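Each chain, written out:
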Amino acid sequence: DTGVSQNPRHKITKRGQNVTFRCDPISEHNRLYWYRQTLGQGPEFLTYFQNEAQLEKSRLLSDRFSAERPKGSFSTLEIQRTEQGDSAMYLCASSPRGGQGDEQFFGPGTRLTVL
Amino acid sequence: GQSLEQPSEVTAVEGAIVQINCTYQTSGFYGLSWYQQHDGGAPTFLSYNALDGLEETGRFSSFLSRSDSYGYLLLQELQMKDSASYFCAVRAYGGSQGNLIFGKGTKLSVKP
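Bear in mind the structure is a predicted one, so any value in this text is a computation, not a measurement.

Draft legend 1. Here's a closer look at the interface of chain A and chain B. Contact with chain A, which involves 20 residues of that partner, is made by 19 residues of chain B. At the boundary of chain A with chain B, total buried surface from both sides reaches about 1700 Å², with 52% on carbon and sulfur atoms. Looking only at chain A, the three residues that lose the most surface to chain B are A:Glu56, A:Asp102 and A:Phe106, adding up to 33% of its buried area. The tally of links from chain A across to chain B stands at one salt bridge. Elements represented by at least two residues in the side of chain A that touches chain B include exactly β4 (31-37) and β5 (44-50) of chain A. Ranked by residue count, the leading element in the side of chain A that touches chain B is β4(A), at four residues.

Draft legend 2. Main features of the side chain of A:Thr47. Mapped onto the elements, A:Thr47 comes out in strand β5. Apart from the residues within four sequence positions on either side, A:Thr47 is in contact with A:Leu32, A:Tyr33, A:Trp34, A:Gln54, A:Glu56, A:Lys57 and A:Ala67.

Draft legend 3. Main features of the state of the cysteines. Residue and element names in this part refer to chain A. Tallied over the entire structure, the rule returns two disulfides over all chains. Shown here is the disulfide that connects Cys23 with Cys92, its sulfur atoms set 1.8 Å apart. Residues Cys23 and Cys92 are joined by a disulfide whose S-S torsion is about -65 degrees; by sign, that bridge is left-handed. Of the two residues, Cys23 sits in strand β3 (residues 19-24) while Cys92 sits in strand β9 (residues 88-95), which places them 69 residues apart along the sequence.

Draft legend 4. Spatial organisation of the nonpolar core. By size, the foremost hydrophobic cluster in this structure holds 23 residues, and its most contacted members are B:Leu4, B:Leu32, B:Trp34, B:Leu75, B:Tyr86 and B:Leu108. Where this core is concerned, the elements lending two or more residues are β2 (9-13), β3 (18-25), β4 (29-37), β7 (60-65), β8 (70-75), β9 (84-92) and β11 (106-111) of chain B. A:Phe49, A:Leu61, A:Cys92 and A:Leu112 belong to the second largest nonpolar core, which has 19 residues in total.

Draft legend 5. A look at the sheet that holds β7(B). Residue and element names in this part refer to chain B. Reading across from one edge, β1-β3-β8-β7-β6 is the order of the five strands in this open sheet, with antiparallel pairing throughout. Where the open sheet ends on each side, the last strands, each with one partner, are β1 (3-5) and β6 (53-57). Taking each pair of neighbouring strands and ignoring which way they run, the sheet shows an average axis angle of 20 degrees. Relative to β8, β3 runs antiparallel, the two sharing six bridges. Its bridge partner being in β8, Thr23 is matched across the sheet by Tyr70.

Analysis parameters
- Residues numbered from 1 in each chain as written.
- Chains lettered and ligands numbered in written order.
- Predicted model: local features only at pLDDT ≥ 70, side-chain atom pairs only at ≥ 80, totals over all residues.
- Heavy atoms only, no water.
- Contact = heavy atoms within 4.5 Å.
- Buried area = accessible area lost by both parts, 1.4 Å probe.
- Salt bridge = Lys/Arg side-chain N within 4 Å of Asp/Glu carboxyl O.
- Helix = DSSP H or I, 4+ residues; strand = E, 2+ residues; numbered from the N terminus.
- Disulfide = S-S within 2.5 Å.
- Core = buried A, V, L, I, M, F, W, Y, C linked by side-chain atoms within 4.5 Å.
- Buried < 20%, exposed > 50% of the residue type's maximum accessible area, 1.4 Å probe, protein only.
- Pairing = 2+ DSSP bridges.
- Axes fitted to C-alpha atoms, helices over the stretch in contact; angles between N-to-C directions.

Structure representation (structure tokens):
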């Protein structure tokens, strides 16, 4: 399967702990995005990379969130000092340069539960 | 800011036609996209309209009117597998290539 993969698929943590998620995009895609989705809502944009450069970060993203894409391939999203409000599905997506319109290819997501 | 409005739920029967509307408010935009998401699944891209008019892809069609800030997704010959949530999304001026803004989604239930 050459789609977008995310690990882990599920993460349960206690409030105050740090968590890190990984996303492996489709190999030839240079653009990578992170979104957060809660029940009954659409995906909410968090941040965007073009190759290794982080070009945009949502103003809604607190300083506890950080993302990296060190070699322009996989990406990690870290949440420090987790809070119960961080419980959500974290989605990663990728797209190629010159792709069709706004087509993004989403991974299966990491479901985070903060107790 | 930007916002999108779409109905929260729609119910239809197999074989029928259903239209899911989306109105948007942005300072200007590049185009309107539609995504499908089954329960527990990832969003998948359905269509993109940059210009006014109708785009057809098999049983699905999408329409855009930039002057009315309005679009819709039309699903024909409904099948049970079409039961899913459907999201409209825009990328507005001032946003980067990445900043897609999604609506809250329309949950479509197809009944036998």
